[in-house]
Amino acid sequence: MAAVALFLASFLGGALQTVTGFGAGIIVMLALENYYNMLVAPALCAAILIGATVILSWKYRKFINLKKIILPTIAYLLCSLWAIYIANMLDTTF
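Just so it is clear, the structure is predicted and the values come from calculations on it, not from any experiment. (Residues numbered from 1 in each chain as written. Predicted model: local features only at pLDDT ≥ 70, side-chain atom pairs only at ≥ 80, totals over all residues. Heavy atoms only, no water.)

> Looking at this structure, how should I read the packing of aromatic side chains?
Remark: the centre distance and the inter-plane angle together describe each pair of aromatic rings, the angle taken between the planes. One pass over the structure, following the stated rule, counts one aromatic pair. For the ring pair Phe7 and Phe11, a centre distance of 6.5 Å and an interplane angle of 20 degrees mean the geometry is stacked. Of the two residues, Phe7 and Phe11 both sit in helix α1 (residues 2-20), four residues apart, roughly one turn of that helix. Taken individually, Phe7 and Phe11 each receive the classification exposed, so the pair is uniform in this respect. Cation over ring: Arg61 sits above Trp58, and NZ or CZ is 4.2 Å from the ring centre. (Phe/Tyr/Trp six-rings, centres within 6.5 Å; stacked < 30°, edge-to-face > 60°. Helix = DSSP H or I, 4+ residues; strand = E, 2+ residues; numbered from the N terminus. Buried < 20%, exposed > 50% of the residue type's maximum accessible area, 1.4 Å probe, protein only. Lys NZ or Arg CZ within 6 Å of the ring centre and 35° of its normal.)

> So what exactly am I meant to see when it comes to the environment of Ile48 here?
Within the secondary structure, Ile48 sits in helix α3 (residues 40-59). Through-space distance from the C-alpha of Ile48 to that of Leu6 is 9.9 Å; in sequence the pair is 42 residues apart. If we ignore the near neighbours within four places in the chain, the residues touching Ile48 are Leu6, Ser10 and Val28. (Contact = heavy atoms within 4.5 Å.)

> Looking at this structure, I do not really get the packing of α3 against helix α4 (residues 66-87). What am I missing?
Helix packing for two helices is described by the angle between their axes and how far apart those axes are. Across the interface, α3 lies against α4 with an axial gap of 11 Å and an inter-helix angle of 160 degrees. With respect to α4, the element α3 is oriented roughly antiparallel. Between α3 and α4 lies a crossing of left-handed hand. Residues Ala43, Ala46 and Ile50 of α3 lie in contact with α4, whose contacting residues are Tyr76, Leu77, Ser80 and Ile84. Residue classes in the contact of α3 with α4 are distributed as six nonpolar, one polar and no charged. (Axes fitted to C-alpha atoms, helices over the stretch in contact; angles between N-to-C directions. Parallel < 35°, antiparallel > 145°, perpendicular 65-115°, else oblique. Left-handed = near helix turned anticlockwise from the far one by under 90°. Nonpolar A, V, L, I, M, F, W, Y, C, P; charged D, E, K, R; others polar.)

Here it is as structure tokens:
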């Protein structure tokens, strides 16, 4: 059941992201928070949405100016990894 919910949330989030440009994280996190704790769910959400972004990027690769997006992409990936690493050290029992 969790796999079906995760697939549907990912599909709906990807469709919303394609149409509006934002909002996929909200849809995916609504499903993930029911099955995973608050350390695993954001990391899994980021991984799913990076995959969706890669698929969209491949589709629109002819229109992408890499010089404009390479620095923000690297910054996002480094900050995301750092935040996930720091979150593992936090006390989440509260």
